[in-house]
Amino acid sequence: MPEQPAGGVAVRRARQHAGLTLRQLAADLGVSVGTMSAIENGKVGLTVDRLQQIARRLGMSASQLLDPDTAPLPGPPPPEASPPPAGWRDFAALDLDPVLTSAVEVFNETGYHGATMRVIATGADISIAGMYHHYPSKQRLLVALVELALQDLRWRITAAAGDAAGTVQEFANMVEAMALFHTERAELAHIVLSEMRSLEEPDRSRLTGLQGEIREALDSTASRAVEQGRFAVRDLPTTIRAITTMCLALPYWFPGDGSPGAPGPAGLARRYADLALDMMRVVPDQAGPEFS
């Protein structure tokens, strides 16, 4: 296939005019952020097929894309509706700045150690100097994302516990919140799971402590249920660890193969809550059902 030696600058101009980030266009085309960046910077030849694919995505012809002065560029997409007020089961898009948005993409694609500040800056459509002004190192990006993820999970766990009539439902809600987080925020959750070891002190100890607070909240609720005679589990510590592990594993396989009838995040989270109660061996409340 013949290469088109020029056109990267025109692609960048048309993409920016359309209101798309480098990351968004790369995702739409099914290529990596690094590949898209290389195309726009002229480091990778632009094939005819790729040129036509980009042009279709931007709503213009290939000739207009290479010579955008011959026709008006497409306008930006209409603004999205405002998200509804958030409850612990609601997962509106996080209001991340472009640098953090790009870092999520790149860390998930290459891992923390394989990522470079230059690729992250390119994905954010910002200069290296501009990015370093806000985030002086790759480590600061990782700390910001891990802290954001853990804080988001912690408030959801706390809110889920408060939205319950008793300890059994409280525990079930907390497991549901944990499962929901690890499906709805899978990219962030994956960074926490895979890159905690990449954190440097003192942030590593601080954020590991925050992670421990979330586990302790689940432990405390389960222990109260055992004391009240509502859970008849034989080995509480191991069972808690098993329940937590099955939630943490969700980003590695969800949504699976998309089989017909497969549950979405909400349905799957409720199934996980039910599984957790089965594992805890719930004892019926003689005063009346507490959880249904």
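Residues numbered from 1 in each chain as written. Predicted model: local features only at pLDDT ≥ 70, side-chain atom pairs only at ≥ 80, totals over all residues. Heavy atoms only, no water.

## Side note on the packing of helix α2 (residues 22-29) against helix α4 (residues 48-57)
Inference 1: Two numbers describe how α2 lies on α4: the axes approach to 11 Å, and their chain directions differ by 115°. Of the two possible hands of crossing, α2 and α4 adopt the one that is right-handed. Where α2 abuts α4, its residues Leu25, Asp28 and Leu29 lie against Arg50, Gln53, Ile54 and Arg57.
Inference 2: Grouping the constituent residues of the contact of α2 with α4 by class yields three nonpolar, one polar and three charged. (Axes fitted to C-alpha atoms, helices over the stretch in contact; angles between N-to-C directions. Helix = DSSP H or I, 4+ residues; strand = E, 2+ residues; numbered from the N terminus. Left-handed = near helix turned anticlockwise from the far one by under 90°. Contact = heavy atoms within 4.5 Å. Nonpolar A, V, L, I, M, F, W, Y, C, P; charged D, E, K, R; others polar.)

## With respect to the packing of helix α1 (residues 8-17) against helix α3 (residues 33-40)
Inference 1: Contact geometry of α1 with α3 gives a least axis separation of 7 Å together with a crossing angle of 115°. Touching Gly8, Val9, Val11, Arg12 and Arg15 of α1 are Met36, Ile39 and Glu40, all from α3.
Inference 2: The residue makeup of the contact of α1 with α3, split by class, is four nonpolar, one polar and three charged.

## Structural notes on the pattern of salt bridges
Inference 1: Counted under the stated rule, the structure contains eight salt bridges.
Inference 2: One salt bridge in this structure joins Glu176 and Arg89, with 2.8 Å as the shortest N-O distance. Placement of Glu176 in helix α10 (residues 167-184) and of Arg89 in the loop between α5 (62-66) and α6 (98-110) is noted, with a sequence separation of 87 residues between them.
Inference 3: Residue Glu176 is classed as buried on the basis of its relative accessible area of 5%.
Inference 4: Under the relative-accessibility criterion, Arg89 is labelled partly exposed at 42%.
Inference 5: With its nearest N and O atoms 3.3 Å apart, the salt bridge here joins Asp152 to Arg156. Pair noted here: Asp152 and Arg156 are both in helix α9 (residues 138-162), with a separation of four residues, about one helical turn.
Inference 6: Overall, Asp152 belongs to the buried group, its relative accessible area being 8%.
Inference 7: Among the charged side chains, a salt-bridge network with shared partners connects Arg140, Glu147, Asp203 and Arg206. (Salt bridge = Lys/Arg side-chain N within 4 Å of Asp/Glu carboxyl O. Buried < 20%, exposed > 50% of the residue type's maximum accessible area, 1.4 Å probe, protein only.)

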